[in-house]
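Chain residues, written in single-letter form:
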Amino acid sequence: MAVIPCDTIYGLVGTGPRAEARIRRLKRRADDKPFLWLVADPSWARRLTGRDAPARLARHWPGPLTLVLPSEGGGTLALRVPASPWLRELIAGLRQPLASTSVNRAGEPALWRVADIVAEFGTDVDLVLDGGDLPDAEPSTIVDAASRPFRILRQGALRVPPADLG
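All values reported here derive from a predicted model rather than from experimental measurement.

Caption draft 1: Local environment of the overall build of the protein. Along the protein, the regular secondary structure elements total six helices and nine strands. For 166 residues, the compact-globule estimate of 2.2 N^0.38 gives 15 Å, and the C-alpha radius of gyration of the protein, at 15 Å, lies within 12% of that figure. Projected onto its principal axes, the C-alpha positions of the protein cover 45 × 30 × 30 Å. Each of the 166 residues in the protein was classed as buried or not, and the buried ones make up 45%. Considering only contacts in the protein between residues 6 or more positions apart, those separated by 24 or more positions represent 57%. Entry remark: accessible area of the protein is about 8400 Å², with carbon and sulfur atoms responsible for 51%. Of note, the protein has its 22 positive side-chain charges centred 5 Å away from the centre of its 19 negative side-chain charges.

Dropping the structure here:
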């Protein structure tokens with residue numbers, strides 16, 4: 001489990017069920033609140049959900065857009081292709097998505113100062129990758145693309161044109 005700078009805000013990331021459980025404990029996050037998954041490229045949407053992301057929304061990838069997509073087995077999955085080339089390369093090399101969430105305790109604001117992140121989480125994570133303080137960073141915009149019309153669940157760094165929600 002690591003804290004890394006994403007193209008939006010700092011993320012608490014990990015792979016696999018054990019990392020998910022660690023992140024939940026560390027953040028004091030409810031079991032019913034899902035993570036978003038960072039993926040290497042748009043083709044991973046089909047790989048993970050059995051469907052392609054809607055083209056009019058996927059055109060904003062890579063970037064600060066999280067899409068909630070219907071999943072083959074029922075339910076939904078939230079996916080994002082980060083703009084950071086090194087992060088996409090890491091994910092591709094791992095061959096699995098990264099569970100990701102903001103660096104904070106549940107219900108608290110996201111931390112953006114590296115010193116605050118280290119003070120709060122430094123001894124509980126395996127790595128803190130220092131990308132500098134991110135005072136003006138915004139989280140990704142989250143769009144529910146599992147039902148029509150698409151709708152914004154959280155306004156963030158990307159302003160989605162209304163025509164793309166249609």
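Caption draft 2: Quick peek at the environment of P149. Along the chain, P149 turns up in the loop between β8 (141-144) and β9 (151-154). Classification of P149 as exposed rests on a relative accessible area of 53%. The spacing of P149 and E89 is 60 residues in sequence and 33 Å in space, taken between C-alpha atoms. The contacts of P149, once residues within four sequence positions are left out, are L165 and G166.

Caption draft 3: Fine view of the nonpolar core. Of all hydrophobic cores here, the largest spans 46 residues; its most connected members are L12, L38, L57, W61, L65, L67 and V143. Excluding residues that lie within four positions of it along the chain, L38 makes contacts with C6, V13, R80, P82, L87, I91, P97, L98 and S100.

Caption draft 4: Layout of the pairing of strand β6 (residues 98-102). Counting buried positions along β6 gives four out of five residues, so the element sits mostly inside the fold. Summarising the sheet, strand β2 (residues 10-14) and β6 pair through four bridges and their orientation is antiparallel. By the bridge assignment for β6, V13 is matched with S100. Here strand β3 (residues 36-38) runs beside β6; their pairing, made up of three bridges, is antiparallel. Bridge pairing links L36 to S100 in β6.

The rules behind the values
- Counting from 1, residues in each chain are numbered in the order their sequence is written.
- For a predicted model such as this one, the threshold for reporting local features is a pLDDT of at least 70, and the threshold for listing and counting side-chain atom pairs is 80 or more; totals across whole chains, interfaces and linings nevertheless cover every residue.
- Side-chain descriptors were evaluated using all non-hydrogen atoms of the structure, hydrogens and water having been removed beforehand.
- Going along the chain from the N terminus, every DSSP run of H or I of four or more residues is numbered as a helix, and every run of E of two or more is numbered as a strand.
- Using C-alpha atoms as the atom set, the radius of gyration is obtained and then compared with a globule rule of 2.2 Å times the number of residues to the power 0.38.
- Accessibility here uses a 1.4 Å probe with only protein chains present; expressed as a share of the type maximum, an area under 20% marks a residue as buried, one over 50% as exposed, and anything in between as partly exposed.
- Throughout, a contact is declared for two residues whenever any of their heavy atoms are within 4.5 Å.
- Computed with the Shrake-Rupley method and a 1.4 Å probe, the accessible areas treat only the protein chains shown as cover for residues.
- His is not counted, nor are the chain ends, whereas Lys and Arg count as positive and Asp and Glu as negative.
- For the purpose of locating charges, the reference atoms are NZ of Lys, CZ of Arg, CG of Asp and CD of Glu.
- Nonpolar cores were defined as sets of buried Ala, Val, Leu, Ile, Met, Phe, Trp, Tyr and Cys residues, with membership established by side-chain atoms within 4.5 Å.
- For two strands to be treated as a pair, DSSP must find at least two bridges joining them.

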